[in-house]
Amino acid sequence: MYLHHRLNSSRLVVLLQQWAREDGARAAPAPQQDVAQTLSQWLGTVDAVQLSRALHAIESLQETTGRAGAAPGPAMDLAALDRFVQKAQVDLSTLLTAPAATPKPLRARADNTPVEMPDPEADADFAAHGPRYLDRQKQMDTRLMALRAQVRHAVAKGNPALRQLAALDAVMEQMLGAREQRLWASLPGHLERRLAYRHQMHQQALQARGQADEPPRWRQPGGWLWAFEQDMHALLLAEMQVRLLPITGLLEAAHNEKTGQQE
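This section reports on the structure supplied with the text.

Conventions and cut-offs
Residues numbered from 1 in each chain as written. Predicted model: local features only at pLDDT ≥ 70, side-chain atom pairs only at ≥ 80, totals over all residues. Heavy atoms only, no water. Phe/Tyr/Trp six-rings, centres within 6.5 Å; stacked < 30°, edge-to-face > 60°. Buried < 20%, exposed > 50% of the residue type's maximum accessible area, 1.4 Å probe, protein only. Helix = DSSP H or I, 4+ residues; strand = E, 2+ residues; numbered from the N terminus. Expected span 1.5 Å × (residues − 1). Arc of directions from axis to C-beta. Polar contact = N/O pair within 3.5 Å; in protein donor to acceptor, adjacent residues only side chain to side chain. Axes fitted to C-alpha atoms, helices over the stretch in contact; angles between N-to-C directions. Left-handed = near helix turned anticlockwise from the far one by under 90°. Contact = heavy atoms within 4.5 Å. Nonpolar A, V, L, I, M, F, W, Y, C, P; charged D, E, K, R; others polar. Salt bridge = Lys/Arg side-chain N within 4 Å of Asp/Glu carboxyl O.

1. Re the packing of aromatic side chains
1) Next: Per the stated rule, a full pass over the model turns up one aromatic pair.
2) Next: Pairing tryptophan 218 with tryptophan 224 gives two aromatic rings, centres 5.4 Å apart and planes at 65°, and the pair type is edge-to-face. Per residue, the accessibility class of tryptophan 218 equals that of tryptophan 224, and both read buried.

2. Things to note about helix 5 (residues 78-96)
1) Next: Look at helix 5: 27 Å from first C-alpha to last across 19 residues, which is about the 27 Å you get at 1.5 Å a residue.
2) Next: By the burial criterion, the buried members of helix 5 are Leu78, Leu81, Asp82, Val85, Leu92 and Leu96. Taken end-on, helix 5 shows its buried residues confined to a sector of 100°, consistent with a single buried face. Opposite the buried face of helix 5, by more than 90 degrees, sit the exposed residues Arg83, Gln86, Lys87, Val90 and Thr94.
3) Next: By the N-cap criterion, in which a side-chain oxygen at the helix start approaches the backbone nitrogen of a residue two or three places on, helix 5 is capped by aspartate 77, the distance to alanine 79 being 3.3 Å.

3. Description of the packing of helix 2 (residues 11-22) against helix 8 (residues 187-209)
1) Next: Axis separation between helix 2 and helix 8 bottoms out at 11 Å; the angle between their running directions is 35°. Seen along the crossing, helix 2 lies across helix 8 with a hand that is left-handed. Here Leu12, Leu16, Trp19 and Glu22 of helix 2 lie close against helix 8, whose contacting residues are Leu187, His190, Leu191, Arg194 and Tyr197.
2) Next: Residue composition of the contact of helix 2 with helix 8, by class: six nonpolar, one polar and two charged.

4. Considering the environment of alanine 154
1) Next: Inspection of the secondary structure assignment puts alanine 154 in helix 6 (residues 130-155).
2) Next: Contact partners of alanine 154, with chain neighbours within four places excluded, come to Met76 and Leu81.

5. What to know about the pattern of salt bridges
1) Next: Taken as a whole, this structure holds 12 salt bridges when the rule is applied.
2) Next: Between aspartate 141 and arginine 243 there is a salt bridge, and its shortest N-O distance comes to 3.0 Å. You can see aspartate 141 sitting in helix 6 and its partner arginine 243 sitting in helix 9 (residues 224-243), a full 102 residues away along the chain.
3) Next: Owing to a relative accessible area of 10%, arginine 243 belongs among the buried residues under this scheme.

Have a look at this one:
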């Protein structure tokens with residue numbers, strides 16, 4: 001129930017629901033399902049068998065560790081791990097929200113005649129924005145995959161319960177990765193509809209005021225392309241928040257185990 005609430009109250013879900021309401025989309029509400037029901041739809045028969053075997057191997061980790069009587073590994077520095085994750089999150093947020101490159105003149109002139117500037121109307125086409133979203137999405141994927149592996153490695157230095165959790169996280173990342181990638185790939189479609197919505201609202205406002213359009217002002221603060229740029233940043237940050245859930249979950253589990261041991 002906690003995980004179900006956490007996913008459905010995420011910034012990503014809230015943002016997409018808000019956009020759907022604003023552009024008039026009326027999708028039927030999804031039936032309420034628990035995590036097990038949802039997971040059963042993601043995994044086929046072969047996947048379920050492989051997962052069952054993996055879980056059995058993970059459950060035996062604690063028994064094997066207990067019988068081996070191995071000396072504990074180096075202590076996990078949770079404070080340092082927290083700082084490491086926080087810095088990685090800040091750095092990634094800065095990357096994702098970096099402004100688009102300022103359009104440059106198409107060609108410079110040696111004399112004093114006017115320089116040809118890029119056509120601002122080209123930015124009204126999603127083809128000018130989609131590749132940029134996909135590129136930042138790819139950079140996010142690369143960085144967060146590495147961060148998850150680093151946090152998992154650190155958590156695996158903890159007690160047997162944390163080692164089991166780290167092993168389970170590795171299995172789940174491998175088994176669900178392809179399905180997750182298909183979900184992330186669907187987000188540019190929402191952004192494309194948002195661009196169309198922003199453009200439509202802009203045109204309606206001009207008609208209501210009886211004003212002529214001024215494409216050079218579209219990217220200035222308050223312009224419709226400026227607002228769309230904020231939408232893109234909001235979607236990227238919301239996606240990042242969901243992608244971070246496995247990492248923050250590992251951290252929370254490590255903190256909970258440490259608190260329990262101290263008590």
